[in-house]
Amino acid sequence: MRDKKPLFKKNLKKDKNKLGILRKKVCRMCLEKVKGVDYKDVRRLEFYVRDRGKIASVRATGNCARHQRMASEALKKARFLSLIPYVRS
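The following refers to the structure shown. (Residues numbered from 1 in each chain as written. Predicted model: local features only at pLDDT ≥ 70, side-chain atom pairs only at ≥ 80, totals over all residues. Heavy atoms only, no water.)

## What about the environment of Asn 63?
Here is the rule we go by: Counting from the N terminus, the helices are the DSSP runs of H or I reaching at least four residues and the strands are the DSSP runs of E reaching at least two. Note on definitions: a residue-residue contact is assigned when non-hydrogen atoms from the two residues lie within 4.5 Å.
Mapped onto the secondary structure, Asn 63 falls in the loop between helix 4 (58–61) and helix 5 (65–80). Taking the C-alpha atoms as reference, Asn 63 lies 4.2 Å from Cys 27; in sequence the two are 36 residues apart. Residue contacts for Asn 63: discarding those within four places in its chain leaves Cys 27, Arg 28, Met 29, Tyr 48, Val 58 and Gln 68.

## As for the packing of aromatic side chains
Selection criterion: Pairing of aromatic side chains here covers Phe, Tyr and the six-membered ring of Trp, requires ring centres within 6.5 Å, and sorts the geometry by plane angle: under 30 degrees stacked, over 60 edge-to-face, intermediate tilted. We call a charge positioned above a ring when the Lys NZ or Arg CZ atom is no farther than 6 Å from the ring centre and deviates by at most 35 degrees from the ring normal.
Going through the model one piece at a time under the given rule, you end up with one aromatic pair. Directly above the aromatic system of Phe 47 lies the positively charged group of Arg 28, at a separation of 3.7 Å from the ring centroid.

## Focus: the pattern of salt bridges
For clarity, the cut-off: The salt bridge criterion pairs a side-chain nitrogen of Lys or Arg with a carboxyl oxygen of Asp or Glu, the two atoms within 4 Å. Note on classification: 1.4 Å probe, protein chains only; a residue is buried when its accessible area is under 20% of the maximum for its type, exposed when over 50%, partly exposed between these limits.
Going through the model one piece at a time under the given rule, you end up with two salt bridges. In this structure, the salt-bridge partner of Arg 44 is Glu 32, at a minimum N-O distance of 3.0 Å. Pair noted here: Arg 44 is in helix 3 (residues 42–46) and Glu 32 is in helix 2 (residues 28–32), with a separation of 12 residues, a long-range link. For Glu 32, a relative accessible area of 48% gives the class partly exposed. The salt bridge partner of Asp 41 is Arg 44, with a shortest N-O separation of 3.7 Å. Since its relative accessible area comes to 30%, Asp 41 is described here as partly exposed. Salt bridges here are not isolated pairs; linked through shared partners, they connect Glu 32, Asp 41 and Arg 44.

## Considering a nonpolar patch on the surface
Note the following rule: Like-charged residues within 9 Å of one another, or nonpolar side chains (Val, Leu, Ile, Met, Phe, Trp, Tyr) within 5 Å, are grouped into patches, provided each residue has over 30% relative accessible area and no salt bridge. Surface accessibility follows the Shrake-Rupley procedure with a 1.4 Å probe radius. Residue values consider only the protein chains on display as shielding.
A cluster of nonpolar side chains, namely Phe 80, Leu 81, Leu 83, Tyr 86 and Val 87, defines an oily patch on the protein surface of about 570 Å² accessible area. Here Tyr 86 shows up in the segment after helix 5.

## Thoughts on the nonpolar core
What counts, and what does not: We call a set of buried Ala, Val, Leu, Ile, Met, Phe, Trp, Tyr and Cys residues a nonpolar core when their side-chain atoms join them within 4.5 Å.
In terms of nonpolar packing, the biggest core is built from 13 residues, with Met 29, Val 37, Leu 45, Tyr 48, Leu 75 and Ile 84 touching the most fellow members. Contact partners of Leu 75, with chain neighbours within four places excluded, come to Leu 45, Tyr 48, Val 49, Ile 55 and Ile 84.

So this is what it looks like as structure tokens:
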């Protein structure tokens, strides 16, 4: 009756891998062997802020949990000291 197999998560993942869509993101800070994130380093921190001013998620940046926590703390300090705006217009 049915020609096609039912679409389960396993089948979808296989199809996405064939297309090359899924790729594991690697933490940039781990590659650069960064020990700490400085709140004064605005150029590095701007990568972790989205266009509306929100902190980017781990899925978007590819950070590991440790470096994501460090980046978010540094971003909050930089915002408090008005090095980075809270909301971009």
